[in-house]
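# Examining the three-dimensional arrangement
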2 protein chains.
Amino acid sequence: MDLKDYLKQRCQLVDQALERFLPPGGELPASLHGSMRYSVFAGGKRVRPVLLLAACEAVGGTVKSALPAACAMEMIHTYSLIHDDLPAMDDDDFRRGNPTNHKVFGEATAILAGDALLTEAFILLAGDGEGIDPAARLRVIHEIAYAAGSRGMVGGQMVDMESEGKEEIDLATLSYIHTHKTGALIRASVRAGAIIGGAGEERLALLSRYGEAIGLAFQIADDVLDVEGTTEELGKDAGSDQARGKATYPALVGLEASKARACELVDMALQALESFDDRAEPLRAIASYIVKRKS
Amino acid sequence: MDLKDYLKQRCQLVDQALERFLPPGGELPASLHGSMRYSVFAGGKRVRPVLLLAACEAVGGTVKSALPAACAMEMIHTYSLIHDDLPAMDDDDFRRGNPTNHKVFGEATAILAGDALLTEAFILLAGDGEGIDPAARLRVIHEIAYAAGSRGMVGGQMVDMESEGKEEIDLATLSYIHTHKTGALIRASVRAGAIIGGAGEERLALLSRYGEAIGLAFQIADDVLDVEGTTEELGKDAGSDQARGKATYPALVGLEASKARACELVDMALQALESFDDRAEPLRAIASYIVKRKS
């Protein structure tokens, strides 16, 4: 299969669905809805929603049934970026080559746009879900909320912030940050897609292993890119992690060992999918792509 | 019935349940969980959770079945206060007589604590819900999320901020702020309780009318208190709304007309409950209390 075509098609479906699911930009309060849309359509790679769709397809589910949850995932991811970029947090002026939300709309609106996107995700998850068993939908909401909360993504961001500028971050702390800040939501994307697709517990467990492995590989690859990539490729300042004393995998174990670890994790992810048929090809291709991407 | 006893007992149940449902303060990241708990247990009146329980009881439901949703409501309310108090928003140093969250924990932690409380609400709503029909639970999640989002509470806060310091706010704008910023969540509390209690559509519609009326009455009473109350009674600076040029009901229509309107709304709320039996007594008592309270 051609991953580029698959990604392109799925990204288009996600973008069209986001367009449909988000309140219109002109609807009052227009500044709020405009700000929400600005960040959602600022060129994200749609990694989480595509993973969710691919996991659903891998177990025989339909793309259509998984689109609301996929979009909810992207809204949660986008809200987290808006809040992370705030002056009180990472204080970033650019994201994906564009001015960050608070640079365009001001801090107050950026805070509220993040709040509203997080909330919108749950409106979507609890809204129209034709054909999916209500108990399964509740489980999906619980999985996603848990992964996004204080024991997941927000907890990871908290520890990341507390660690910034510290002299010595140990591997356990860095691992906590990685598995929580990015890993939890990636794992939840894969699991949510699998649950919507009707996976049994055994296949769900295998897909969780896949999700955990690529989640960590993704973050290590991100750290490596921050060292090796160019500012142009990244759409943000290359070396910015290092500059602000952020804990990264390469800083702790070295660049080569980081790359080797990422490849190892991708192998683990592929092993978890061994018993799956051709419908898991997109998931396999995404795993390999993670360590090859340039931005 | 004695409202004081009822409120006291229900508040205790809510506090005990919040204690149980929130991650322990010592759990990592401890600063985040400590910050979440600080604001949740900072002396709130528990208006929304008690309304939710009372509405559930009014239609024959049990307190136990409604406690998770009641606590979720208080978490959402608390998150909104933490974010509203931030320097980029209302920049308040005190809330209910205590230093605001960001004054104690710093801005970054306050933002994340708000984010985590909002998320925790949905973990709770989608988690253990023994005995409640899953489809009804999905409806409750949708009601609450919708009321909290850009077309509800967050939208109201956005327009409130945009209106601050403007020379002329018309009654339509003020009404938008009131019905969205506070009204939506109060209405949703009543509706969620009714749905959990198994209300049919007719009684649900009546309780919505009740919720809308007391939601607006509550906000007008709040505005009146800001003018008439003492700083000691309020736990925040009396007259603070006026001082920062916030649009209020008394500022627009006058103090006496505001009080009259609040009483009229309470009458409307009581009328909506006419066909309900004694189990609606707490709801009736709460409606009357709203215009009599001092803080």
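Residues numbered from 1 in each chain as written. Chains lettered and ligands numbered in written order. Predicted model: local features only at pLDDT ≥ 70, side-chain atom pairs only at ≥ 80, totals over all residues.

### So, the overall build of chain A
What counts here: Going along the chain from the N terminus, every DSSP run of H or I of four or more residues is numbered as a helix, and every run of E of two or more is numbered as a strand. Values of the radius of gyration come from C-alpha atoms, whereas the globule rule sets the reference at 2.2 Å times the count of residues to the power 0.38. Any residue whose C-beta has 12 or fewer other C-beta atoms within 10 Å is treated as exposed, any with 20 or more as buried, and any in between as partly exposed, C-beta atoms being built from the backbone. Here contacts are defined at the residue level, using C-beta atoms placed from the backbone and a cut-off of 7 Å between them.
When you go through chain A residue by residue, the secondary structure sums to 15 helices and 2 strands. Its C-alpha atoms give chain A a radius of gyration of 18 Å, near enough to 19 Å, the size a compact globule of 295 residues would have. On the principal axes, the C-alpha backbone points of chain A span a range of 50 × 50 × 35 Å. Of all 295 residues assigned to chain A, the portion counted as buried reaches 55%. In chain A, the share of contacts with a sequence separation of at least 24, taken over all contacts with a separation of at least 6, comes to 72%.

### A short note on the interface of chain A and chain B
The line we're drawing: Throughout this entry, Asp, Glu, Lys and Arg are counted as charged residues, while Ala, Val, Leu, Ile, Met, Phe, Trp, Tyr, Cys and Pro are counted as nonpolar. The remaining residues, Gly among them, count as polar.
Each partner contributes residues to the interface: chain A has 42 residues there, and chain B has 42 residues. Looking at the side of chain A that touches chain B, the elements that each hand over two or more residues are helix H2 (30–40), helix H6 (107–126), helix H7 (134–148) and helix H8 (153–163) of chain A. Take the side of chain A that touches chain B: its biggest share by element is 12 residues, from H6 of chain A. Among the residues making up the side of chain A that touches chain B, the classes are represented as 26 nonpolar, 10 polar and 6 charged.

### Some words on helix H1 (residues 3–21) of chain B
The α-helix advances 3.6 residues per turn, and as a result positions three or four apart in sequence lie on the same side. All names here are of chain B. Basically, it comes down to this: Residue count minus one, scaled by 1.5 Å, sets the expected span of a helix. Comment: arc refers to directions from the helix axis out to C-beta atoms.
Compared with the 27 Å implied by 1.5 Å per residue over 19 residues, the 26 Å span of H1 between its first and last C-alpha is a close match. Taken together, the buried positions of H1 are Arg10, Leu13, Val14, Leu18 and Phe21. When H1 is viewed along its axis, its buried side chains cluster within an angular range of 135 degrees and face the same direction. Structural note: H1 exposes Lys4, Asp5, Lys8, Gln12, Gln16 and Arg20 on the side pointing more than 90 degrees away from its buried face. Next to the buried residues of H1 lie helix H2 (30–40), helix H3 (47–58), helix H4 (63–85) and helix H6 (107–126).

### Details of H3 of chain B
Residues and elements named next belong to chain B. In this model H3 runs 16 Å from its N-terminal to its C-terminal C-alpha over 12 residues, within 8% of the 16 Å that 1.5 Å per residue would give. Among the 12 residues that make up H3, 12 are buried, leaving the element largely enclosed by the rest of the structure. Listing the buried residues of H3 in full gives Val47, Arg48, Pro49, Val50, Leu51, Leu52, Leu53, Ala54, Ala55, Cys56, Glu57 and Ala58. In the core, the buried residues of H3 are packed alongside H1, H4, helix H9 (171–196), helix H10 (201–228) and helix H15 (281–290).

### Description of the environment of Cys56 of chain A
All names here are of chain A. Looking at the element boundaries, Cys56 is found in helix H3 (residues 47–58). Overall, Cys56 belongs to the buried group, with 28 C-beta atoms counted inside 10 Å. Sequence spacing of Cys56 and Ser258 is 202 residues, and the spatial spacing of their C-alpha atoms is 30 Å. Ignoring anything within four residues of it in the chain, the contact list for Cys56 reads Gly61, Ser65, Ala66, Gly193, Ala194, Ile196 and Gly197.

### Remarks on the relation of the copies chain A and chain B
Here is the rule: Least-squares superposition of the copies uses the C-alpha atoms of those residues scoring a pLDDT of at least 70 in each of them.
Each copy of the sequence occupies a distinct position, and chain A is placed on chain B by a rotation of 180 degrees and an axial shift of 0.0 Å, giving an RMSD of 0.0 Å. Overall, the copies show the geometry of a two-fold rotation axis. Judged by C-alpha distance, Pro134 of chain A is the residue of chain A that lies nearest the rotation axis, at 2.8 Å.

### Digging into the environment of Ile186 of chain B
Residues and elements named next belong to chain B. As for its position among the elements, Ile186 is in helix H9. Residue class for Ile186 comes out buried when judged on the 28 C-beta atoms lying within 10 Å of it. The sequence separation of Ile186 and Ala213 amounts to 27 residues, and the corresponding C-alpha distance is 9.7 Å. Residues contacting Ile186, with those up to four places away along its chain left out, are Arg48, Leu51, Gly211, Ile214, Gly215 and Phe218.

### Structural notes on the nonpolar core
Cut-off, in case you're wondering: Remark: nonpolar core denotes a set of buried Ala, Val, Leu, Ile, Met, Phe, Trp, Tyr and Cys residues whose joining runs through C-beta atoms within 7 Å.
Counting 192 residues, the largest nonpolar core has Ile141, Ile144 and Ala217 of chain A together with Ile141, Ile144 and Ala217 of chain B as the members making the most contacts within it. Not counting the four nearest positions on each side in its chain, Ala217 of chain A is found in contact with Ala262, Leu265, Val266, Ala269, Ile290 and Val291 of chain A.

### Description of the packing of helix H10 (residues 201–228) of chain A against helix H14 (residues 255–272) of chain A
All names here are of chain A. Here is the rule: Simply put, an axis is a line fit to the C-alpha atoms, just over the touching stretch for a helix, and the angle between two N-to-C directions goes from 0 to 180 degrees. These descriptions rest on fixed angle ranges, namely under 35 degrees for roughly parallel, over 145 for roughly antiparallel, 65 to 115 for roughly perpendicular, and the rest for oblique. Should the near helix be turned anticlockwise from the far one by less than a right angle, the crossing is left-handed, and should it be turned clockwise, the crossing is right-handed.
Viewed as axis vectors pointing N to C, H10 and H14 meet at an angle of 155 degrees, and their least axial separation amounts to 8 Å. Considering the angle they form, H10 stands roughly antiparallel to H14. The element H10 and its partner H14 pack so that their crossing is left-handed. On H14, the residues touching Leu206, Arg209, Tyr210, Ala213, Ile214, Leu216, Ala217, Ile220, Ala221, Asp223, Val224 and Val227 of H10 are Leu255, Ser258, Lys259, Arg261, Ala262, Leu265, Val266, Met268, Ala269 and Ala272. Within the contact of H10 with H14, the residues separate by chemical class into 17 nonpolar, 1 polar and 4 charged.

### Thoughts on unusual backbone geometry
Among all residues except glycine, the phi angle is most often negative; among peptide bonds, the trans geometry is most common. Leu28 of chain A connects to Pro29 of chain A through a cis peptide bond whose omega is -10 degrees. As for its position among the elements, Pro29 of chain A is in the loop between helix H1 (3–21) and H2. Backbone geometry at Arg46 of chain B places phi at a positive 60 degrees, although glycine is not the residue there. For Arg46 of chain B, a count of 23 C-beta atoms within 10 Å puts it in the buried group.

### Some details on the confidence of the model for chain A
This is how the line gets drawn: Confidence of the predictor at the level of single residues is given by pLDDT, which spans 0 to 100.
Here chain A averages 92 in pLDDT, while 94% of its residues score no lower than 70. Overall fold confidence (pTM) sits at 0.95, and the ipTM for the predicted complex is 0.95.

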